[in-house]
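Residues per chain are reported as follows:
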Amino acid sequence: MGTTVFERRRPAASVIDRSLADTAHRVFWLDDLPDEAKRPRARLQGTVVADLAVVGGGYTGLWTAVLAKRANPDLHVVLLEAKRIGWAASGRNGGFCEASLTHGRENGLSRWPAEMDELDRLGLANLDAIEAAEAEFGMDFEFERNGSLDVAIEPHQVEWLHEAAADAASRGDDSVKLLDEHQVRDEVDSPTYLGAIWNTRTSAILHPAKLATELARVAEEAGVEIFEDSPVTRLDTPGSTSAVQLVTEHGRVDATRAVLATNVFPSLLKRNRLMTVPVYDYVLMTEPLSDEQRASIGWANRQGVGDMANQFHYSRMTRDGRILYGGYDAIYHFGGRVRDAYEDRPESFEKLASHFFTTYPQLEGLRFTHRWAGAIDTSTQFTAFTGLARDGRVAYASGFTGLGVASTRFMAETMLDLLAGRDTERTRLKMVKTRPLPFPPEPAASLGINATRWSLDRADHDGGRRNMLLKTLDALGLGFDS
């Protein structure tokens, strides 16, 4: 088995150690919020009656609340958050906002080929709506529609670039640009980049925590009641037509309809308990680059960057000139547990730092100010699913699988359509009507996931060739991804 570029060009251990020496184990995006956005909200006390109750204060729940109030300003909407608005995945992701609703076109084609053109159109319209939301609602979440670079870092991946460019050309999509090694290095100068696809229209970057807190502000200004520190411990639907009851330690919400937007956390619906698994992703953030460092790397067009390995990395620049670098490790813990202790994994941060200086060796001496991790809600279809429960009174969406910043808005609209019984182009989608297969219970889940991770790593070392396990999972439409 061969070696990867990160093994062939590994930096000295002293470079890694110095870069991590003063790193704070905190989420940069949350630290970077203005003081007003950090203010705590009251917990739920007593009983509240509402037309719509939303469980979860991340993007999915917040978009649901905002869009519900936009459609009907008289609707009484209550949102319950277990901790703080945006504290989980919505406040700690990489800030990549992709048009794709299917975790990439290839995944969508393998599952819903007849719908792919429609899914592409709806995804692009959804991204347009997110961009327009800054002006529509008076928000600032640092949205920059600069596109993304899918970069080849191994020779066998260059062929994949040409295949992707040919596919785009066959569909008349002129927004996809094929870059050779010299052209990609003119954009972002890394000796590991052998070529790239520049997706100029279907990708943006933003400030994750500001998106969450700005949505919360807009929701409250529209009349949504938001309660923090209010984890829901039980969902009841007594009788066939009575209200949905959401019970917390200190109170209860009685609502006509409810939306569950808890994503990676255990579902309040038994039917969804095995539909996702939590996978931990790790991230580093550098200090701001100096003018000399900026000149050495280029990156004038500020695209998001992701490499094409199975165990891939992603990187982007912040508004104040830092570089976020994450990915590669995707760690699953036995039992599918979500624990704060899993977020500080020194070997993952050391590996990321090593890979960073392999990717950008001209930045040797740069230090990381922040390190953090978060749990991704992975589904077997690699993308979000949605549906109704409890006689149509409860809608849910989950399984965004690491590429869900934009699709949270789409799923919010879809859930509102489903709850209202509306026949729309969203609710008619096979993607919306299909539930993914569940993950198996333990110990089969751990055995299968870890065997798949090993196989993906082996494929990266073996020219991209997929072994029998991966080929079997591909044939069955199953898998594991970050």
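Coordinates for the structure precede this section.
Computed from a predicted structure; not experimentally measured. (Residues numbered from 1 in each chain as written. Predicted model: local features only at pLDDT ≥ 70, side-chain atom pairs only at ≥ 80, totals over all residues. Heavy atoms only, no water.)

Outline the overall build of the protein, supporting the account with residue identities and numerical values.
Across its full length, the protein carries 16 helices and 18 strands. Computed over the C-alpha atoms, the radius of gyration of the protein is 22 Å, within 12% of the 23 Å expected from 2.2 N^0.38 for a compact globule of 482 residues. With respect to the principal axes defined by its C-alpha atoms, the protein has extents near 65 × 50 × 45 Å. Buried residues in the protein amount to 58% of all 482 residues. Considering only contacts within the protein whose residues lie at least 6 apart along the sequence, 76% involve residues at least 24 apart. Charge-centre separation for the protein: the mean point of 55 positive side chains lies 5 Å from the mean point of 69 negative side chains. (Helix = DSSP H or I, 4+ residues; strand = E, 2+ residues; numbered from the N terminus. Rg over C-alpha atoms; globule rule 2.2 N^0.38 Å. Buried < 20%, exposed > 50% of the residue type's maximum accessible area, 1.4 Å probe, protein only. Contact = heavy atoms within 4.5 Å. Lys, Arg positive; Asp, Glu negative; His and termini not counted. Charge placed at Lys NZ, Arg CZ, Asp CG, Glu CD.)

Give a description of helix H10 (residues 208-221) that names residues and reports values.
Spanning 14 residues, H10 covers 20 Å between terminal C-alpha atoms, matching the ideal 20 Å at 1.5 Å per step. Of all 14 residues in H10, 11 are buried, a share of seventy percent or more. Within H10 the residues assigned to the buried category are Pro208, Ala209, Lys210, Leu211, Ala212, Thr213, Glu214, Leu215, Ala216, Val218 and Ala219. Among the structural elements, helix H3 (28-31), helix H4 (59-71), helix H5 (89-92), helix H7 (116-137) and strand S8 (225-227) are those in contact with the buried residues of H10. Residue Gly223 follows H10 closely and has a positive phi angle near 110°. (Expected span 1.5 Å × (residues − 1).)

I'd like a description of the side chain of Lys210, backed by residues and values.
Within the secondary structure layout, Lys210 lies in helix H10. What Lys210 contacts, discounting residues up to four positions off in sequence, is Asp32, Leu33, Pro34, Asp140, Phe141 and Glu142.

Lay out the packing of helix H2 (residues 13-20) against helix H12 (residues 346-359) in plain terms, naming residues and giving numbers.
Axes are the key here: two packed helices are described by the angle between their axes and the distance separating the axes. At a minimum axis distance of 9 Å, the contact between H2 and H12 shows a crossing angle of 115°. Looking at the two axes, H2 sits roughly perpendicular to H12. Like other packed secondary-structure pairs, H2 and H12 cross with a definite hand, here right-handed. Facing Val15, Ile16, Ser19 and Leu20 of H2, the residues of H12 in contact are Phe349, Glu350, Ala353, Ser354 and Phe357. (Axes fitted to C-alpha atoms, helices over the stretch in contact; angles between N-to-C directions. Parallel < 35°, antiparallel > 145°, perpendicular 65-115°, else oblique. Left-handed = near helix turned anticlockwise from the far one by under 90°.)

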